[in-house]
Structure formats: structure tokens, C-alpha cells
Amino acid sequence: MRPFVRILATLLGLAFAAAGALLTLEVGWHWWRPGSAPLLVPWPRWQAALASLGWDAYAVRVGAGVLAAAGLVLVVLALAAGSRAVRLTDPAGDVSVSTSPRSLARLVGLTVRAQQNVAGASVTASARRVRVRAKSTLETEGELRPQLLETVSALLDDVPLARRPKVTVVVDSPKDRR
């Protein structure tokens, strides 16, 4: 969700910058040649069309509804893209501590990769779940998975997490494919 919000914010920023540049060009053109036609945008024609509309016109109501719906969607997206921090136990009453999911994943990944018979591992973490996908060439999933589950669980017990995440471990091994 965050990349979507970032892209949307960038596009909206670029649109506002382009509209500002266009407005600056039009104003400069009008100051330089007050009697001539507009440079790019037909402002007088738009002004005449808008002057004929009342606040109770169908087009005004539809436009207001579309803008309200778009604003509501943006608010919901912004709220959904809130902080994804992993809360740790507070050391004191006025102090709150958190870490990023990326650093928790790095910590778990370093521990998993340090285990015997693990050729590589990828880890994703959030406040609710830690997913480990390990690769082994010497052991099967049945042999290595319990060991990695125990290792990751012991590590998470040592980290002062406010809420313990669920741990999922998957082992890819060529021995399992035979």
C-alpha cells in the first residue's frame, strides 16, 4: 500500500506543479499582451460556460460527488498506509520503543543463515507474522524445519517484543523433490 500512496502523492504533486506553471505562463502572457487571446487554455470560454451554471445544476452536483468520493478514497488510503512499526516493550512509563519490520527480518535472517545446513534464507517480518523461507542442500524439510522453528522462537523470546508474532518456516531442499 505504501508504494501506491507514494506514487499517487508524486503524481498529484507533479499535476499541481504543472498547473502552477501553466497558470504562471497564462498570467505572464496576459500581462504582456492584455488584449490578445489566451496562450494555451481557453479561459474566457470556460468562464462563460461556468457563469451559466448554478449551484443546483446537475453537473455541479456530480462534480462535487466525484471530488468528495476521491477525497474519501485518499483519506482511507492514507490511513491504511500508517506506521508498520513493530512495538517493543516499554522500558519506562514515558518511553515507547519500536523497530522496523525490516530490522526484525534482518535479525531473524542473520540468525537463520548462521545455522548449520542452511544455504540461504529470505525473511519477511511484520508485527503479527515472521515468515522464513530457508534453502538447504543437505537436509530435508522435516529434518531442518523444527530446528529453525526452535531457533527463531528462542530469538523472538530474547527480543523484548510487546506482542509475539506468529512464526512460519518453509524449507526448500533438493532432497524433498526426489
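As shown above, the structure is provided for reference.
Sequence positions are assigned chain by chain, starting from 1 and proceeding in written order. Note on the predicted model: pLDDT of at least 70 is required for a residue's local features to be given, and 80 or more for side-chain atom pairs to be given and counted; whole-chain, interface and lining totals, by contrast, use all residues. Side-chain descriptors were evaluated using all non-hydrogen atoms of the structure, hydrogens and water having been removed beforehand.

### Description of the overall build of the protein
Part 1: Every helix listed is a DSSP run of H or I at least four residues long, and every strand listed is a run of E at least two residues long, numbered separately from the N terminus. Within the protein, the secondary structure is distributed over 6 helices and 5 strands.
Part 2: Helices and strands in the protein line up, N terminus first, as α-α-α-β-β-α-β-β-α-β-α.
Part 3: Based on C-alpha atoms, the radius of gyration is set beside the globule rule, defined as 2.2 Å times the residue count to the power 0.38. The C-alpha atoms of the protein give a radius of gyration of 29 Å, which is well past the 16 Å a tight globule of 178 residues would have.
Part 4: Projected onto its principal axes, the C-alpha positions of the protein cover 85 × 50 × 35 Å.
Part 5: For every residue, the accessible area (1.4 Å probe, protein chains only) is compared with the maximum for its type, and the residue is labelled buried under 20%, exposed over 50%, or partly exposed between those bounds. Here the protein, with 178 residues, has 21% of them falling under the buried criterion.

### Regarding the packing of helix H4 (residues 101–113) against helix H5 (residues 141–158)
Part 1: Following both chains from N to C, one finds H4 and H5 inclined at 135 degrees, their axes separated by 10 Å at the closest point. Here H4 lies oblique to H5, going by the angle between them. Crossing handedness for the pair H4 and H5: right-handed. Each of Leu104, Leu107, Val108, Thr111 and Val112 in H4 lies in contact with H5, whose residues at this interface are Leu148, Thr151, Val152, Leu155 and Leu156.
Part 2: Residue polarity follows a fixed list, in which Ala, Val, Leu, Ile, Met, Phe, Trp, Tyr, Cys and Pro are nonpolar, Asp, Glu, Lys and Arg are charged, and the others, Gly among them, are polar. Its residues assigned to classes, the contact of H4 with H5 shows 8 nonpolar, 2 polar and no charged. Every axis in this analysis is a line fitted to C-alpha atoms, fitted for helices over the stretch in contact. Angles between the N-to-C directions lie between 0 and 180 degrees. Any angle from 65 to 115 degrees is called roughly perpendicular, while one under 35 is roughly parallel, one over 145 is roughly antiparallel, and all others are oblique. Take the far helix as your reference; a near helix turned counterclockwise from it by less than a right angle gives a left-handed crossing, and one turned clockwise gives a right-handed crossing. Contact criterion: two residues are considered in contact whenever any of their non-hydrogen atoms come within 4.5 Å of each other.

### Looking at the pairing of strand S4 (residues 129–135)
Part 1: Residue alternation in S4 divides its side chains into a buried set, Val130, Val132 and Ala134, and an unburied set, Arg129, Arg131, Arg133 and Lys135.
Part 2: Counting the residues between successive antiparallel strands, the hairpin from strand S3 (residues 120–125) to S4 contains 3 residues.
Part 3: Two strands pair if DSSP finds at least two bridges between them. Here S4 pairs with strand S5 (residues 166–172) via 7 bridges, running parallel. If you follow lysine 135 over to S5, its bridge partner there is aspartate 172.

### Regarding the pairing of strand S1 (residues 86–92)
Part 1: Relative to strand S2 (residues 95–99), S1 is paired through 4 bridges, and the arrangement is antiparallel. Note on S2: the bridge partner recorded for leucine 88 is valine 97.
Part 2: In this structure, the hairpin formed by S1 and S2 is closed by a connection of 2 residues.

### Here's the deal with the sheet that holds S4
Part 1: Taken in spatial order, the 3 strands line up as S3-S4-S5 in an open sheet, and their pairing is mixed. For this open sheet the edge positions go to S3 and S5, each flanked by a neighbour on one side alone. Adjacent strand axes in the sheet meet at a mean angle of 15 degrees when their direction is disregarded.
Part 2: In terms of strand pairing, S3 meets S4 through 6 bridges, oriented antiparallel. In the strand pairing of S4, alanine 121 is matched with alanine 134.
Part 3: Packed on one face of the sheet, H4 meets S3 and S4 and runs near 155 degrees to S3.

### Overview of a nonpolar patch on the surface
Part 1: Together, Leu23, Val27, Trp31, Trp43 and Trp46 give the surface a local cluster of nonpolar side chains, amounting to about 580 Å² of exposed area.
Part 2: Among the elements of the structure, helix H1 (2–32) and helix H2 (43–51) are those that each provide at least two residues to the nonpolar patch.
Part 3: It is H1 that provides the largest number of residues to the nonpolar patch, a total of 3 residues. A patch consists of residues whose relative accessible area exceeds 30% and which take part in no salt bridge; residues with like charges are grouped when within 9 Å of each other, and nonpolar side chains (Val, Leu, Ile, Met, Phe, Trp, Tyr) when within 5 Å. Where accessible areas are quoted, they stem from the Shrake-Rupley method and a 1.4 Å probe; at the residue level, only the protein chains shown are allowed to cover. A pair is scored as a salt bridge if a Lys or Arg side-chain nitrogen falls within 4 Å of a carboxyl oxygen belonging to Asp or Glu.

### Side note on the side chain of glutamate 26
Part 1: The residue glutamate 26 is located in helix H1 in this model.
Part 2: The charge count includes Lys and Arg as positive and Asp and Glu as negative, but it does not include His or the ends of the chains. Although glutamate 26 is buried, it forms no salt bridge, and the closest oppositely charged side chain is arginine 45 at an N-O distance of 11 Å.
Part 3: Throughout this description, a polar contact denotes any pair of N or O atoms lying within 3.5 Å of each other; where both atoms belong to protein, one of them has to be capable of donating a hydrogen while the other can accept it, and for residues adjacent in sequence the pair is counted only when both atoms sit in side chains. At 2.6 Å, the side chain of glutamate 26 forms a polar contact with the backbone nitrogen of leucine 40.
Part 4: Residues within four places of glutamate 26 in sequence aside, it is in contact with Pro38, Leu39, Leu40, Val41 and Trp43.

Worth remembering: the numbers are spatial, not functional.
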